[in-house]
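If you want the building blocks of each chain, they are given just below.
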Amino acid sequence: MAIRAILRSRFVKLSTALLQNLTKQTQLPPQFQALDFTTISNRHNPNSSGSRQYHDGRPRGPLWRGKKLIGKEALFVVLGLKRFKDDEEKLAKFIKSHVLRLLKLDMIAVLTELERQEEVSLAIKIFEVIQKQDWYLPDVYLYKDLVLLLSRNGKMDEAMKLWEAMRSENLFPDSQMYTEIIRGYLKDGSPGDAMNVYEDMKKSPDPPDELPFRVLLKGLLPHPLLRNRVKQDYEELFPEKHIYDPPEEIFGIR
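Since this is a predicted model, take the numbers as computed values, not measurements.

Now for the environment of alanine 74. Positionally, alanine 74 belongs in helix α5 (residues 72–83). Distance from alanine 74 to alanine 109, taken between C-alpha atoms, is 6.9 Å for residues 35 residues apart in sequence. Each residue touching alanine 74, except ones within four places of it in the same chain, is listed here: Asp106 and Val110.

Next comes the structure, spelled out in structure tokens:
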């Protein structure tokens, strides 16, 4: 028993010495001694509260920032459409081979992204493709985004074609659509067309909104007769509101 105890104590001392020697030989450099698992995990976590942020591999262009939820296939289609937009033959083949195979949500995502990038002609083409799908149902919001896009880009003839198609499907524009179409016609130098849209707005079943009236009152300053008609309607509908009338001599009115 005594021999066993002596051997056991010597073995323990030898093991301790070997362990200390191994630790000295494999000691980490000073710059790595303070590195812990929290620091390592923060390097791979872009949302961590650490002071340094690491790139997570996702693209950083405007396309990704504008539509983070767009799928890879829809993103590929958007890029392909833009690539072939100046070649009608290649564009038609690309639509047939790639656009028509998209699922409903992906196809709508492609349309939305093209509208966001103000690719007007491509957006119209995709909307026409959507209208031919079996799942398509008339939706005022699909029309609305396109009409607003066209009016902002001064394409009033195309905007009104969509407007008439929308009305033929028993869809009614909202106040924002009336406002932007009126604004577009005034910017285009067509106050008569703006007044036609205004008269149509007065027949809308929705309650009137103040904004389109104010856009007209401002845009019709050089046309006092038309402006007075709008002003009378505005004062009847919004008696508590005040209208600013600039001095007549500013516009040469006598």
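Moving on from the coordinates now.
Moving on: the packing of helix α8 (residues 120–131) against helix α9 (residues 140–152). The contact between α8 and α9 brings their axes to 11 Å, and the two run at 160 degrees. Between α8 and α9, the angle is such that the two are roughly antiparallel. Handedness of the α8/α9 crossing: left-handed. Together, Val120, Ala123, Ile124, Phe127 and Gln131 of α8 and Leu142, Tyr143, Leu146, Leu149 and Leu150 of α9 make up the contact between the two elements.

This paragraph deals with the layout of surface pockets. Each pocket or cavity is described by its volume, and for the largest pocket that value is around 220 Å³. Every residue lining the largest pocket is counted, 16 residues in all, and those nearest its centre are Met201, Lys202, Asp206, Pro207 and Pro208. At the level of secondary structure, the elements contributing two or more residues to the lining of the largest pocket comprise α11 (175–187), α12 (191–202), α13 (210–219) and α14 (224–237). Considered class by class, the residues forming the lining of the largest pocket number eight nonpolar, two polar and six charged.

Turning our eyes to something else, we now look at unusual backbone geometry. Where the residue is not glycine, phi is negative for most of them; where a peptide bond is considered, it is trans in most cases. The backbone phi angle of glutamate 118 is positive, close to 60 degrees, even though this residue is not glycine. Summarising the element assignment, glutamate 118 is placed in the loop between α7 (104–116) and α8. Its relative accessible area of 41% is what places glutamate 118 among the partly exposed residues.

Time to look at the pattern of salt bridges. Counting across every chain of the model gives 13 salt bridges. Where glutamate 88 meets lysine 125, a salt bridge forms, and the shortest distance between an N and an O atom there is 3.6 Å. Of this pair, glutamate 88 sits in helix α6 (residues 88–99) while lysine 125 sits in helix α8, and the two are 37 residues apart along the sequence. The partner of lysine 241 in a salt bridge is glutamate 210, and the shortest N-O contact between them spans 3.8 Å. Of this pair, lysine 241 sits in the segment after α14 while glutamate 210 sits in helix α13; the two residues are 31 residues apart in sequence, bridging distant segments of the chain. Relative accessible area serves as the criterion here: at 37%, lysine 241 is assigned to the partly exposed category. A relative accessible area of 19% means that glutamate 210 is categorised as buried. A network of salt bridges, in which partner residues are shared, links Glu199, Lys202, Arg229 and Asp233.

About the cut-offs
Residues numbered from 1 in each chain as written. Predicted model: local features only at pLDDT ≥ 70, side-chain atom pairs only at ≥ 80, totals over all residues. Heavy atoms only, no water. Helix = DSSP H or I, 4+ residues; strand = E, 2+ residues; numbered from the N terminus. Contact = heavy atoms within 4.5 Å. Axes fitted to C-alpha atoms, helices over the stretch in contact; angles between N-to-C directions. Parallel < 35°, antiparallel > 145°, perpendicular 65-115°, else oblique. Left-handed = near helix turned anticlockwise from the far one by under 90°. 1 Å grid on protein atoms, 1.4 Å probe; cavity = no way out; pocket = protein on both sides within 12 Å on 5 of 7 lines; lining within 4 Å. Points joined across faces, edges and corners; volume = space filled by probe spheres on them. Nonpolar A, V, L, I, M, F, W, Y, C, P; charged D, E, K, R; others polar. Buried < 20%, exposed > 50% of the residue type's maximum accessible area, 1.4 Å probe, protein only. Salt bridge = Lys/Arg side-chain N within 4 Å of Asp/Glu carboxyl O.

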